[in-house]
Amino acid sequence: MSCIFCDIVSGIGKAEILFEDDSTISFLDIRPLNFGHSLVIPKNHYNNFYDVADKDLSSVIKATQFLTNCIKTSLNPDGINIISNNGSSAGQTIYHFHFHIIPRFKNDHFTFRPQFKDYSEGLMKEFAEKIRSAIDSSKGK
Ligand code: 5GP
Ligand code: ZN
């Protein structure tokens, strides 16, 4: 199976690497939403967030917070988005799990304006119950 992010981990693929530890690597996104837009990935391959093993998940989150703070200090953005796209409907294009760290600036013209929905009577409870039932059946697994 070929994966361009696995190629970056192995050194076959080139990237502007920012940070690396035993289980994660971070590099600049080749098509940034703003300059400095970075990606953090586990060195092990997981298609997306759903299946990342605990040990890699905690390392990736720690690396993401570390790099976020370094981007904050070095680029002085007005804000930072941390995003993970999972599945094509959510915008995922590379199926090796990654967090995006996107520095944001006032008037940077990057807009994300969804149409918010309203829960009708009882619908909020219905959705909460569906999710809680999955939580209950996952407990202890
Ligand atoms: P996704 O759409 O899966 O959430 O994000 C994939 C990201 O990877 C995109 O923002 C895209 O610009 C970036 N990307 C795709 N190919 C490469 C590459 O070869 N090198 C780097 N550095 N970034 C890449
Ligand atoms: Zn991979």
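That block above? That's the structure.
If you're wondering where the values come from, they're calculated on a predicted model, not measured in any experiment.

**Some thoughts on the pattern of salt bridges**
Across all of its chains, the model carries 6 salt bridges by this definition. A salt bridge links aspartate 56 to lysine 55, with the shortest nitrogen-to-oxygen separation between them at 3.4 Å. Judged by relative accessible area, which is 3%, aspartate 56 ranks as buried. On the basis of relative accessibility, which here comes to 55%, the residue lysine 55 falls in the exposed class. With its nearest N and O atoms 3.5 Å apart, the salt bridge here joins lysine 139 to aspartate 136. Judged by its relative accessible area of 61%, lysine 139 falls in the exposed class.

**Describing the site of ligand 1**
Surveying the vicinity of ligand 1 reveals 15 residues, the closest of which are Leu28, Asp29, Asn85, Thr93 and His100. Measuring from an oxygen atom of ligand 1, one finds a side-chain N or O atom of aspartate 29 at 2.4 Å. With respect to ligand 1, the side chain of threonine 93 contributes an N or O atom lying 2.7 Å from an oxygen atom. In isolation ligand 1 offers 510 Å² of accessible surface; the protein chains occlude 83% of this area. Those elements giving two or more residues to the shell around ligand 1 turn out to be helix 1 (4-10) and strand 2 (24-28). Here the residues of the shell around ligand 1 sort into 7 nonpolar, 6 polar and 2 charged.

**So, the coordination of the zinc ion (ligand 2)**
Ideal geometry at a metal gives 109.5 degrees between four tetrahedral donors and either 90 or 180 degrees between six octahedral ones. Distances from the zinc ion (ligand 2) to its protein donors, namely Cys3 (SG), Cys6 (SG), His45 (ND1) and His96 (ND1), fall within the range 2.1 to 2.3 Å. The coordination sphere of the zinc ion (ligand 2) comprises 4 donor atoms, whose angles at the metal cover 104 to 117°; the geometry is tetrahedral. All donors to the zinc ion (ligand 2) come from one chain, and their sequence spacing reads C-x2-C-x38-H-x50-H. Within this pair, whereas cysteine 6 is found in helix 1, its partner histidine 45 is found in the loop between strand 3 (38-42) and helix 2 (54-75), the two being separated by 39 residues in sequence. Cysteine 6 gets classed as partly exposed once you look at its relative accessible area, which sits at 23%. A relative accessible area of 24% places histidine 45 in the partly exposed class.

The rules we used
- Residues numbered from 1 in each chain as written.
- Chains lettered and ligands numbered in written order.
- Predicted model: local features only at pLDDT ≥ 70, side-chain atom pairs only at ≥ 80, totals over all residues.
- Heavy atoms only, no water.
- Salt bridge = Lys/Arg side-chain N within 4 Å of Asp/Glu carboxyl O.
- Buried < 20%, exposed > 50% of the residue type's maximum accessible area, 1.4 Å probe, protein only.
- Near = heavy atom within 4 Å.
- Polar contact = N/O pair within 3.5 Å; in protein donor to acceptor, adjacent residues only side chain to side chain.
- Areas by Shrake-Rupley, 256 points an atom, 1.4 Å probe, with all protein chains shown as cover.
- Helix = DSSP H or I, 4+ residues; strand = E, 2+ residues; numbered from the N terminus.
- Nonpolar A, V, L, I, M, F, W, Y, C, P; charged D, E, K, R; others polar.
- Donors = N, O, S within 2.8 Å, 3.2 Å for Na, K, Ca; no water.
- Tetrahedral: all angles 85-135°; square planar, octahedral: opposite > 155°, others 65-115°.

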